[in-house]
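Observations on chain architecture
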Amino acid sequence: MNATPASDQPLRRTALYAQHVALGAKMVPFAGYEMPVQYPLGILKEHLHTRAQAGLFDVSHMGQAYLVGPDHATTAAALETLVPADVLDLKPGQQRYTQLLNDAGGIVDDLMVTRPAAADDDGKLFLIVNASRKDVDYAHIAARLPEGVRLEPAPERALLAMQGPAAAQVLASLCPEASRLSFMTAASARIGEFDCHISRSGYTGEDGFEISLPAAGAARLWQTLLRTDALKPIGLGARDSLRLEAGLCLYGHDIDETTSPIEAGLGWSIQKRRRSTGGFPGAVRIQDELAKGPKRERVGIRPEGRAPAREGTEVLSPSGERIGVVTSGGFGPSVNAPVAMGYVAAGHAEIGRPVHLMVRSKALPAAIAPLPFVPHRYSRKS
Amino acid sequence: MATERFTKDHEWIRVDGGIGTVGITHHAQTQLGDIVFVEVPESGRKTKQGEAVAVVESVKAASDVFSPVSGEVIEANADLAGQPALVNEDAEGKAWFFKLRISDPAELDKLMDRAAYEAFVKESH
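The model shown is predicted, which means the values in this text are computed figures rather than measured ones. (Residues numbered from 1 in each chain as written. Chains lettered and ligands numbered in written order. Predicted model: local features only at pLDDT ≥ 70, side-chain atom pairs only at ≥ 80, totals over all residues.)

1. Notes on the interface of chain A and chain B
Taken residue by residue, the interface counts 15 residues in chain A and 11 residues in chain B. Broken down by secondary-structure element, the contributors of at least two residues to the side of chain A that touches chain B are α2 (43-52), α8 (236-245) and β16 (322-332) of chain A. Within the side of chain A that touches chain B, the residues separate by chemical class into seven nonpolar, five polar and three charged. (Contact = placed C-beta atoms within 7 Å. Helix = DSSP H or I, 4+ residues; strand = E, 2+ residues; numbered from the N terminus. Nonpolar A, V, L, I, M, F, W, Y, C, P; charged D, E, K, R; others polar.)

2. Here's the deal with α2(A)
Buried residues dominate α2(A), accounting for seven of its 10 residues. Three or more residues of α2(A) are buried, namely Ile43(A), Leu44(A), Glu46(A), His47(A), His49(A), Thr50(A) and Arg51(A). (Buried ≥ 20, exposed ≤ 12 C-beta atoms within 10 Å, placed from the backbone.)

3. Focus on the domain arrangement of chain A
Residues and elements named next belong to chain A. Assigned domains within chain A: domain 1 (17-61 + 156-245) and domain 2 (295-369). For domain 1 and domain 2, the distance between their C-alpha centroids amounts to 31 Å. Listed by partner, the interface residues are seven residues for domain 1 and eight residues for domain 2. Those elements that place two or more of their residues in the side of domain 1 that touches domain 2 are α2 and α8. If you tally residues by element for the side of domain 1 that touches domain 2, the top one is α2, at four residues. In terms of residue class, the side of domain 1 that touches domain 2 is built from three nonpolar, two polar and two charged. (Domains from an automatic or database assignment.)

4. Quick word on the sheet that holds strand β9 (residues 98-102) of chain B
Residue and element names in this part refer to chain B. With antiparallel pairing, the six strands of this open sheet are ordered in space as β1-β2-β3-β9-β8-β5. Edge strands, defined here as strands with exactly one partner in the open sheet, are β1 (3-6) and β5 (46-47). Relative to strand β3 (residues 19-24), strand β2 (residues 11-16) runs antiparallel, the two sharing six bridges. Considered in β3, the bridge of Val15 is made with Gly20. (Pairing = 2+ DSSP bridges.)

5. Observations concerning the sheet that holds strand β9 (residues 157-163) of chain A
Residues and elements named next belong to chain A. Taken in spatial order, the six strands line up as β10-β11-β12-β9-β3-β13 in an open sheet, and their pairing is mixed. Of all strands in the sheet, those bounded by a partner on one side alone are β10 (186-191) and β13 (231-233). The mean inter-strand angle of the sheet, taken between neighbouring strand axes irrespective of direction, is 30 degrees. Sitting on the sheet, helix α7 (residues 218-226) is in contact with β3 (54-58), β9, β10, β11 (194-199), β12 (208-214) and β13, with an inclination near 15 degrees to β9. (Axes fitted to C-alpha atoms, helices over the stretch in contact; angles between N-to-C directions.)

6. A look at the environment of Ile191(A)
Residues and elements named next belong to chain A. For Ile191, the position within the fold is in strand β10. Along the backbone, Ile191 and Ala218 are 27 residues apart, and their C-alpha atoms lie at a distance of 11 Å. Not counting the four nearest positions on each side in its chain, Ile191 is found in contact with Leu174, Cys175, Cys196 and Leu221.

7. Focus on unusual backbone geometry
Note the cis peptide between Leu371(A) and Pro372(A), where omega equals -5 degrees. Along the chain, Pro372(A) turns up in the segment after β19 (362-369). Positive phi outside glycine occurs at Ala31(A), with the angle close to 50 degrees. Here Ala31(A) lies in the loop between β1 (26-30) and β2 (33-38). Unusually for a residue other than glycine, His10(B) sits at a positive phi of about 75 degrees. Structurally, the position occupied by His10(B) is in the loop between β1 and β2.

8. With respect to the nonpolar core
As a rule of thumb, nonpolar side chains are buried together in soluble globular proteins. Of all hydrophobic cores here, the largest spans 136 residues; its most connected members are Leu79(A), Leu127(A), Leu160(A), Met162(A), Ile198(A), Ile301(A) and Phe97(B). For this core, the two domains that each supply at least three residues are domain 1 (17-61 + 156-245) and domain 2 (295-369) of chain A. Those residues within four positions of Met162(A) in sequence are excluded, and the remaining contacts are Ala54(A), Leu56(A), Ala167(A), Val170(A), Leu171(A), Gly208(A), Phe209(A), Leu225(A) and Leu231(A). (Core = buried A, V, L, I, M, F, W, Y, C linked by C-beta atoms within 7 Å.)

9. Focus on the pairing of β12(A)
Residue and element names in this part refer to chain A. Summarising burial for β12: six of the seven residues are buried, a large majority. The sheet contact formed by β9 and β12 spans seven bridges and is antiparallel. Considered in β12, the bridge of Arg157 is made with Pro214. Where β11 and β12 come together, three bridges link them in antiparallel fashion. The residue bridging His197 from the neighbouring strand is Ser212, located in β12.

10. Quick notes on the environment of Gly33(B)
With respect to the secondary-structure elements, Gly33(B) resides in the loop between α1 (26-32) and β4 (35-39). For the pair Gly33(B) and Asn88(B), spaced 55 residues apart in the sequence, the C-alpha separation amounts to 7.5 Å. Those residues within four positions of Gly33(B) in sequence are excluded, and the remaining contacts are Gln38(A), Gly42(A), Ile43(A), Ser58(B), Val59(B) and Lys60(B).

11. Comments concerning the confidence of the model for chain B
Note: predicted coordinates in regions of low pLDDT should not be interpreted at a detailed level. Scored by pLDDT, chain B comes out at a mean of 96, with 99% of its residues at no less than 70. Under the prediction, the complex receives an ipTM of 0.90, its pTM being 0.95. (pLDDT = per-residue confidence, 0-100.)

12. Some remarks on the packing of α2(A) against α8(A)
Working note: a packed helix pair is described by the angle between its axes plus the distance between those axes. Residue and element names in this part refer to chain A. Closest axis-to-axis distance for the α2/α8 pair is 8 Å, and the angle between their directions is 55 degrees. Between α2 and α8, the crossing angle belongs to the class labelled oblique. Read as a crossing pair, α2 and α8 show a hand that is right-handed. Packed against α2, whose contacting residues are Ile43, Glu46, His47 and Thr50, the element α8 presents Gly237, Ala238, Ser241 and Leu242 at the interface. Partitioning the contact of α2 with α8 into residue classes produces three nonpolar, four polar and one charged. (Parallel < 35°, antiparallel > 145°, perpendicular 65-115°, else oblique. Left-handed = near helix turned anticlockwise from the far one by under 90°.)

13. What about the pairing of β9(B)?
Residues and elements named next belong to chain B. The buried fraction of β9 is high, at four of five residues. Sheet analysis places β3 next to β9, joined by four bridges and oriented antiparallel. Note on β9: the bridge partner recorded for Val22 is Phe98. Across five bridges, strand β8 (residues 71-76) lies against β9 in antiparallel orientation. Following the sheet pairing, Ala76 is matched in β9 by Phe98.

14. Notes on helix α4 (residues 134-142) of chain A
Residues and elements named next belong to chain A. Among all positions of α4, only Lys134, Asp137 and Ile141 are buried. Down the axis of α4, the smallest arc covering the buried residues is 60 degrees, so these residues share one side. On its buried face, α4 is in contact with β4 (63-68), β5 (95-101), β6 (107-114), β7 (124-129) and β8 (150-153). (Arc of directions from axis to C-beta.)

Here it is, written out as structure tokens:
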């Protein structure tokens, strides 16, 4: 959660700042923004409520941008020089998770790419990047685009996430089109008087939606949605514990410019054509890791006791050899136990393998565990 | 009658007959949020004033608990390991962390009484 580098820059506020304050949120600096870390309900109950019913999150601090070119093939080809996903293959209304890579195959950022569903949006791709990385990303992308394809950041847009098993029902009453979306698809639709871009995806492991709309309408939509009892506002604290239980990476913690997608266990996000033909930064390293296995791997770790192992905790083999480090760790409210993720050296990643975690100079017993810690409940196409 | 003192790190100590009972304040637990783990010191541990002797963890972060005065730990609250949420429910009562035999009662003079602590909390917010 420490994505905010020390800075003299004044903190920015999202269009929902006044809503958070009115709800009694505790506001903290995050990635250059003043954001709600929790509401009066508290992180534990906010987390559990999201998994039991549904939560509403303000994620307007994230970077939204369009990549605009003359046609899909041209724009997709431009993005494919920067990311390892198959972008060309995206159908209208389809969304993919991918990573901006540096020449060494390290991750500059992870992002969502959507090909808009509407025919008159042909040649556009909608990108959502991390708040803490948007300046880096935009400069990185803009410097590498061919003539005829341009990046258009959309800072005037807000982004709301609705996550949890009741999210679909809540949204269906306001926007029937949304129920027709399956996991990782998106559509433009009206909610009340607002033109929104809705995708069925999120960062909790639950079914849910992300709703992009002009910032001017964000407070009205936020208030309308919160009239539903099933939906409660959820802060960044629970967003972090939810994504950790779901085994999802947090940029700057579980992935960074030194980790490759293969080390991070994100090989599933590199489609077949890209694996064989390459053509993205760091392809040599990534193809080599795909063939021979990476030198280190991201794994789940379950401490045996109740003590959480936080980011930076050393991971040792039972014989005392240093084999890795925790990159995200804390208490999992739905698991009702401490959970962690981290990297261990190749050969130490087998599920169930005992390890020790150095917490306050004591070696605490733990074991390599499968990810996610809580099963994903996405609404996939049947 | 027991004397009650507070530290700037938001611990309380209640002193009765040379024995101090230590915990974190109600204000501290509201700031920390949901407590999910507590580690208390072992009996027999000798500690100095201001030394980190216990740990309290919320969903988000771990915080040290410092000994308000020097002394020897004579008992720790065994209930907290199984019920860390007790700290949220009754921080200044049932959720005491440990008891210690105070070695230098003069150190208590450096601490705040309740009125001074409450003013300190108000000032820092």
